[in-house]
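Listed below are the residues making up each chain.
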Amino acid sequence: MTGIDVFLDNFSGQNWLITPAALAVGESRPRTILDQKWLLVLTGVVEANLQGNSAWVNQTVSFLPGRSVSLGFGVNEGPLNYAINHYSIPRPSTNPKDYDVVFSVQNWAPFASLSAIFDQSESINAGYAVNVWRPRHFLHGVKYPDVTQPINNVFSGINVDVGVRDTDAFILKLSYNITLLGTIAFAATGSLGE
């Protein structure tokens, strides 16, 4: 894309579902609850407010549901913390500042689309596009408290390539549906990076 990357962090609505993934016939049971695979679905609407020009304005926008790698707005919010509390997953420390709760992705199927557009005056060759979507850079870190164990493919959101054309045309909102299969992990604070 030719545009400057924009990070979107204002959500009109967010929803999620998390449940243990079923075992396939003949598949071994997880050794521990931290080896359990989870099916995580994130859906919602994010505000974009991107304005067009007389030519196509192409831009990559990025967003992370929940605004943090824990996918929740607060310390004990969001789908990962729900699963930890609901399924009695033991936390590695009583101090939440020692670790970040993250989701390590094995497979995923994202989707993003236009949710709201606006053309202020007469439409002259206006256009709106969602061209492609893909993961943001997956993060990597180490487990807490055993910092010798790596954590790979930590979900950090998605990138969406969009386009808008016409000086008074706007992409106001994008809808998304992100389905993830992976494991819940505890990353040592400060260890996450690309």
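Report follows, based on the coordinates. Owing to the predicted nature of the structure, the values given are computational and were not obtained by experimental measurement. (Residues numbered from 1 in each chain as written. Predicted model: local features only at pLDDT ≥ 70, side-chain atom pairs only at ≥ 80, totals over all residues. Heavy atoms only, no water.)

**Quick notes on the overall build of the protein chain**
The secondary structure content of the protein chain amounts to 1 helix and 10 strands. Taken from the N to the C terminus, the helices and strands of the protein chain come in the order β-β-β-β-α-β-β-β-β-β-β. Projected onto its principal axes, the C-alpha positions of the protein chain cover 60 × 40 × 25 Å. Residue burial in the protein chain is summarised as follows: out of 194 residues, 39% are buried. For the protein chain, the accessible surface area stands at approximately 10100 Å², while carbon and sulfur atoms represent 50% of it. (Helix = DSSP H or I, 4+ residues; strand = E, 2+ residues; numbered from the N terminus. Buried < 20%, exposed > 50% of the residue type's maximum accessible area, 1.4 Å probe, protein only. Areas by Shrake-Rupley, 256 points an atom, 1.4 Å probe, with all protein chains shown as cover.)

**What to know about the nonpolar core**
Taken as a class, soluble globular proteins show a tendency for nonpolar side chains to be buried jointly. Counting 35 residues, the largest nonpolar core has Phe 155 and Ile 184 as its most contacted members. Here this core gets 8 residues from one element, more than from any other, and that element is strand β10 (residues 169-188). When sequence neighbours within four positions are dropped, the list of residues in contact with Phe 155 reads Leu 42, Leu 64, Pro 65, Val 69, Leu 71, Phe 103, Val 105, Trp 108, Phe 138, Ile 178 and Leu 180. In terms of nonpolar packing, the next biggest core, distinct from the first, is built from 7 residues, Val 102, Ile 151, Ala 185 and Ala 187 among them. (Core = buried A, V, L, I, M, F, W, Y, C linked by side-chain atoms within 4.5 Å. Contact = heavy atoms within 4.5 Å.)

**Some details on the layout of surface pockets**
In this approach, a probe sized like a water molecule rolls over the atoms, and the result shows the empty space that is left. Considered as a void within the structure, the largest pocket measures approximately 570 Å³ in volume. What lines the largest pocket is a set of 31 residues, and nearest its centre among them are Leu 34, Asp 35, Gln 36, Lys 143 and Thr 183. Elements with a minimum of two residues in the lining of the largest pocket: β5 (99-119), β8 (150-154) and β10. Grouping the constituent residues of the lining of the largest pocket by class yields 16 nonpolar, 8 polar and 7 charged. (1 Å grid on protein atoms, 1.4 Å probe; cavity = no way out; pocket = protein on both sides within 12 Å on 5 of 7 lines; lining within 4 Å. Points joined across faces, edges and corners; volume = space filled by probe spheres on them. Nonpolar A, V, L, I, M, F, W, Y, C, P; charged D, E, K, R; others polar.)

**Some thoughts on the packing of aromatic side chains**
Geometrically, a pair of aromatic rings is defined through the distance of the ring centres and the angle of the planes. Enumeration over the complete set of coordinates arrives at 11 aromatic pairs. Between the aromatic rings of Phe 11 and Tyr 176, the centroid separation amounts to 6.3 Å while the plane-to-plane angle is 75 degrees, which identifies the pairing as edge-to-face. In this pair, Phe 11 sits in strand β2 (residues 11-20) while Tyr 176 sits in strand β10, placing the two residues 165 residues apart along the sequence. For the pair formed by Phe 11 and Tyr 176, the shared burial category is buried. With a centroid separation of 5.4 Å and 50 degrees between ring planes, the pair formed by Trp 16 and Tyr 82 is classed as tilted. Of this pair, Trp 16 sits in strand β2 while Tyr 82 sits in helix α1 (residues 78-86); the two residues are 66 residues apart in sequence, bridging distant segments of the chain. Judged by its relative accessible area of 38%, Trp 16 is partly exposed. Counting every residue linked through ring pairs, the aromatic cluster contains Phe 11, Phe 63 and Tyr 176. (Phe/Tyr/Trp six-rings, centres within 6.5 Å; stacked < 30°, edge-to-face > 60°.)

**Section: unusual backbone geometry**
Backbone torsion omega between Tyr 144 and Pro 145 reads 5 degrees, so that peptide bond is classified as cis. Topologically, Pro 145 is positioned in the loop between β7 (139-142) and β8. Even without being a glycine, Ser 88 presents a positive backbone phi close to 55 degrees. Note on placement: Ser 88 falls in the loop between α1 and β5.

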